[in-house]
Amino acid sequence: MASTRAQPDTPSSSRHVAPLRDAIARPGLFIGAALASAAGVAGTYWFFVRTTTGQYIDESALDEAVALYGERAAKAALGFLDALPTMAVVVGIGGLLYAAIAKGRWSAALIAFLGAALANIATQVLKAYVFTRPFRGVETLMDNSLPSGHTTLAASAAAAVFLVTSPSWRPFVAWAGGTFAILSGGATLVNQWHRPSDVIAAFLVVGAVMTPAGWIIMRTGWRWNTWEGFGSRWTASRVWLALPVLAGVCAMGLAISLLARLAPGSGVTSTTHYFWAGISLIVISGYLLTVAATWLFAVAARRD
């Protein structure tokens, strides 16, 4: 009888350690995602800033924004952009405080906050001290504007809230936050504050910085990073994956169609093609990262 009572001790110790191992996907997935995002920043800079073709596409989208919308839409976009820092701070800080106070996730909130702050610092350092904008025969402002600071602020705030959210809520929060970041980036193009590549690079900077922060949160917060899988509640529905995928596919089709019409020798003169292609690229990149983040953290979370 003594032996039968002693038998559960070893399994219980194993079960105490096992959830931590089960909750954390191998760090290789997170490292790979961060490196891919960093490579995406470098690739975006190289093509859209260092090449003539990229500069031309980028600058044409910027020029066509006013031709398409005029001053009225620009003023509306400017109003949104003026309010964006406050909106991002309210969303980010509000979400982090709720997670910390109501859910007791103080360490997760602190890590997410530091990650968001680092992403914004990285954007300013890259823009001011690392990236330069050479002349490639395209009439454009020579000051470098890549990555977009406004977009980084919006995307990092959304990412911070996503990281401290329970796994069963993350699919919905990812879609809502990704949409907010895309709208913020699109507004900077409408108002001629930023080129499409500036917005895309900002998304990727946030991905490169916040992914490692997310892994640390998953490692330290393994007890609450549990869920029953997709479909367990409405916020965990696969529809929140389907919507950004559908939007991204439609945007990709539009971008390819518009840019193909402007191929050399086509004889087509663009009036709004480059602008809509730029908007499409913003949507594609924003929702691609949204889907990737949703999948990555769904795989990493432990099943109940």
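We now turn to the structure provided with this report. (Residues numbered from 1 in each chain as written. Predicted model: local features only at pLDDT ≥ 70, side-chain atom pairs only at ≥ 80, totals over all residues. Heavy atoms only, no water.)

### Examining the overall build of the protein
- A tally of helices and strands in the protein yields ten helices and two strands.
- Tracing the protein from N to C terminus, the helices and strands come up as α-α-α-α-α-α-α-α-β-α-α-β.
- When the 304 residues of the protein are sorted by exposure, 50% land in the buried category. (Helix = DSSP H or I, 4+ residues; strand = E, 2+ residues; numbered from the N terminus. Buried < 20%, exposed > 50% of the residue type's maximum accessible area, 1.4 Å probe, protein only.)

### Let's talk about the packing of helix H5 (residues 106-130) against helix H8 (residues 196-220)
- It is the contact of H5 with H8, at a shortest axis distance of 9 Å, that shows an interaxial angle of 165°. As the angle between them shows, H5 and H8 are arranged roughly antiparallel. Seen from above, H5 lies across H8 with right-handed handedness. Every residue of H8 that contacts H5 at Ser-107, Ala-108, Ile-111, Ala-112, Gly-115, Ala-116, Leu-118, Ala-119, Ala-122, Thr-123 and Leu-126 is listed here: Val-205, Val-206, Val-209, Met-210, Ala-213, Ile-216, Ile-217 and Thr-220.
- Considered class by class, the residues forming the contact of H5 with H8 number 15 nonpolar, four polar and no charged. (Axes fitted to C-alpha atoms, helices over the stretch in contact; angles between N-to-C directions. Parallel < 35°, antiparallel > 145°, perpendicular 65-115°, else oblique. Left-handed = near helix turned anticlockwise from the far one by under 90°. Contact = heavy atoms within 4.5 Å. Nonpolar A, V, L, I, M, F, W, Y, C, P; charged D, E, K, R; others polar.)

### Concerning the nonpolar core
- With 49 residues, the main nonpolar core has Ala-112, Leu-163, Phe-203, Met-210, Ile-217 and Phe-297 as its most contacted residues.
- Put simply, the parts of the chain that give this core at least two residues each are helix H4 (52-102), H5, helix H6 (149-164), helix H7 (170-190), H8, helix H9 (239-261) and helix H10 (273-300).
- Per element, the largest residue contribution to this core is ten residues, and it comes from H10.
- Excluding anything up to four places from it in sequence, Ile-217 contacts Ala-108, Ile-111, Ala-112, Leu-163, Trp-224 and Asn-225. (Core = buried A, V, L, I, M, F, W, Y, C linked by side-chain atoms within 4.5 Å.)

### Concerning the side chain of Ser-184
- Summarising the element assignment, Ser-184 is placed in helix H7.
- A polar atom in the side chain of Ser-184 sits 2.8 Å from the backbone oxygen of Phe-180.
- When neighbours within four sequence positions are excluded, Ser-184 is seen to be in contact with Phe-80, Leu-81, Leu-84 and Ala-154. (Polar contact = N/O pair within 3.5 Å; in protein donor to acceptor, adjacent residues only side chain to side chain.)

### A few points about the environment of Leu-243
- Its place among the elements puts Leu-243 in helix H9.
- Residue class for Leu-243 comes out partly exposed when judged on its relative accessible area of 35%.
- With 48 residues separating them along the chain, Leu-243 and Val-291 place their C-alpha atoms 9.5 Å apart.

### Some remarks on the packing of aromatic side chains
- Under the criterion given, the structure shown has 15 aromatic pairs.
- With a centroid separation of 5.4 Å and an interplanar angle of 85°, the aromatic rings of Phe-30 and Phe-297 are classed as edge-to-face. Separated by 267 residues along the polypeptide, Phe-30 in helix H3 (residues 27-50) and Phe-297 in helix H10 bring together distant segments of the chain. The pair Phe-30 / Phe-297 is uniform in exposure class, with both members buried.
- Measuring from ring centre to ring centre gives 5.7 Å for Trp-169 and Trp-234, while their planes differ by 75°; the resulting arrangement is edge-to-face. Here Trp-234 lies in the loop between strand S1 (226-227) and H9 and Trp-169 lies in the loop between H6 and H7, a separation of 65 residues in the sequence. (Phe/Tyr/Trp six-rings, centres within 6.5 Å; stacked < 30°, edge-to-face > 60°.)

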